[in-house]
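# Coordinates in review
So you can see what is in the structure, the chains are spelled out below.
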Amino acid sequence: MYDADEHIWVESVVNNVKIGKLAGNRNLEFGVKNMLEEYLQEAGYDLASDAQYKLKVNIVYLDVLTTKTNISVFHKGEEEVVVRLQGILYKEGKKEKEVVVEESSSEISMSTLIVDEGGKFNQTSLSNALKKASDKLITKLLGKK
């Protein structure tokens, strides 16, 4: 049985990050689109390019926030990857809903030597933040999970 409300298409993911290592990165767009499609399918939606519902997503912000504490030779560092996604849901070409979500993932490291890597993206933290943001975006836009 065909139910049009259960079909959706991720029309585009655009990387609007202007500064940093991943600014304008097309692989990031492709990865986020794949995550969104995966979460949509887990939520019970079928992907169809002719669906009445279309989803457009903008990667608005992506950065690493670093917090460091040093006491003598003891070092504690926390790097938090923060991602902000804007999702716009269209139904039959008309904007139906728009939301912005922000998620983060952090990694804490401790050592007795002071080694500064400074502002590098940890792949695991980036992936976790993107997954959490994608899940939250789908939940807020479609109210299903």
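Everything quoted here is computed from the prediction, not taken from an experiment. (Residues numbered from 1 in each chain as written. Predicted model: local features only at pLDDT ≥ 70, side-chain atom pairs only at ≥ 80, totals over all residues. Heavy atoms only, no water.)

### Notes on the environment of Thr 139
- Position of Thr 139 among the secondary structure elements: in helix H2 (residues 123-142).
- For Thr 139, a relative accessible area of 32% translates into the label partly exposed.
- When the C-alpha atoms of Thr 139 and Ala 43 are compared, they prove to be 8.6 Å apart, with 96 residues separating the residues in sequence. (Helix = DSSP H or I, 4+ residues; strand = E, 2+ residues; numbered from the N terminus. Buried < 20%, exposed > 50% of the residue type's maximum accessible area, 1.4 Å probe, protein only.)

### Side note on the packing of aromatic side chains
- Summed over all chains, the structure comprises zero aromatic pairs.
- A cation over a ring is seen here: Lys 56 above Tyr 90, with NZ or CZ 5.1 Å from the ring centre.
- Its end group placed over the ring of Tyr 61, Arg 84 keeps NZ or CZ at 4.9 Å from the ring centre. (Phe/Tyr/Trp six-rings, centres within 6.5 Å; stacked < 30°, edge-to-face > 60°. Lys NZ or Arg CZ within 6 Å of the ring centre and 35° of its normal.)

### Some thoughts on the packing of helix H1 (residues 26-42) against H2
- Where H1 contacts H2, the axes come no closer than 9 Å and their chain directions differ by 50°. Put simply, H1 runs oblique to H2. As for how H1 packs across H2, the hand of that crossing is right-handed. Contact residues: H1 offers Leu 28, Val 32, Met 35, Leu 36, Tyr 39 and Leu 40, while H2 offers Ser 127, Leu 130, Lys 131, Ser 134, Asp 135, Leu 137, Ile 138 and Leu 142.
- Residues of the contact of H1 with H2, tallied by class, amount to ten nonpolar, two polar and two charged. (Axes fitted to C-alpha atoms, helices over the stretch in contact; angles between N-to-C directions. Parallel < 35°, antiparallel > 145°, perpendicular 65-115°, else oblique. Left-handed = near helix turned anticlockwise from the far one by under 90°. Contact = heavy atoms within 4.5 Å. Nonpolar A, V, L, I, M, F, W, Y, C, P; charged D, E, K, R; others polar.)

### Brief notes about H1
- Here H1 spans 25 Å end to end across 17 residues, near enough to the 24 Å set by a 1.5 Å rise per residue.
- Of all the residues in H1, the buried ones are Leu 28, Glu 29, Val 32, Met 35, Leu 36, Glu 37, Tyr 39 and Leu 40.
- Where H1 begins, one side-chain oxygen reaches toward the backbone nitrogen of Asn 27, 2.7 Å away; that side chain belongs to Asn 25.
- Where H1 ends, the next residue or the one after it, Gly 44, has phi of about 100°, a positive value. (Expected span 1.5 Å × (residues − 1). Polar contact = N/O pair within 3.5 Å; in protein donor to acceptor, adjacent residues only side chain to side chain.)

### Some remarks on the pattern of salt bridges
- All told, the structure shown has five salt bridges when counted by the stated rule.
- Between Glu 102 and Arg 84 there is a salt bridge, with its nearest N and O atoms 2.6 Å apart. On the criterion of sequence distance, the pair formed by Glu 102 in strand S5 (residues 94-111) and Arg 84 in strand S4 (residues 74-91) is long-range, its members being 18 residues apart.
- Here Glu 102 falls in the partly exposed class, since its relative accessible area comes to 39%.
- For Arg 84, a relative accessible area of 27% puts it in the partly exposed group. (Salt bridge = Lys/Arg side-chain N within 4 Å of Asp/Glu carboxyl O.)

### Some thoughts on the nonpolar core
- Residues Ile 8, Leu 36, Leu 40, Leu 55, Leu 62 and Leu 142 are the most contacted members of the largest nonpolar core, which totals 33 residues.
- Broken down by secondary-structure element, the contributors of at least two residues to this core are strand S1 (7-15), H1, strand S3 (53-71), S4, S5 and H2.
- Take this core: its biggest share by element is eight residues, from H2.
- For Leu 36, the residues in contact, after removing those within four places along its chain, are Val 10, Val 13, Val 57, Ser 134, Leu 137 and Ile 138. (Core = buried A, V, L, I, M, F, W, Y, C linked by side-chain atoms within 4.5 Å.)

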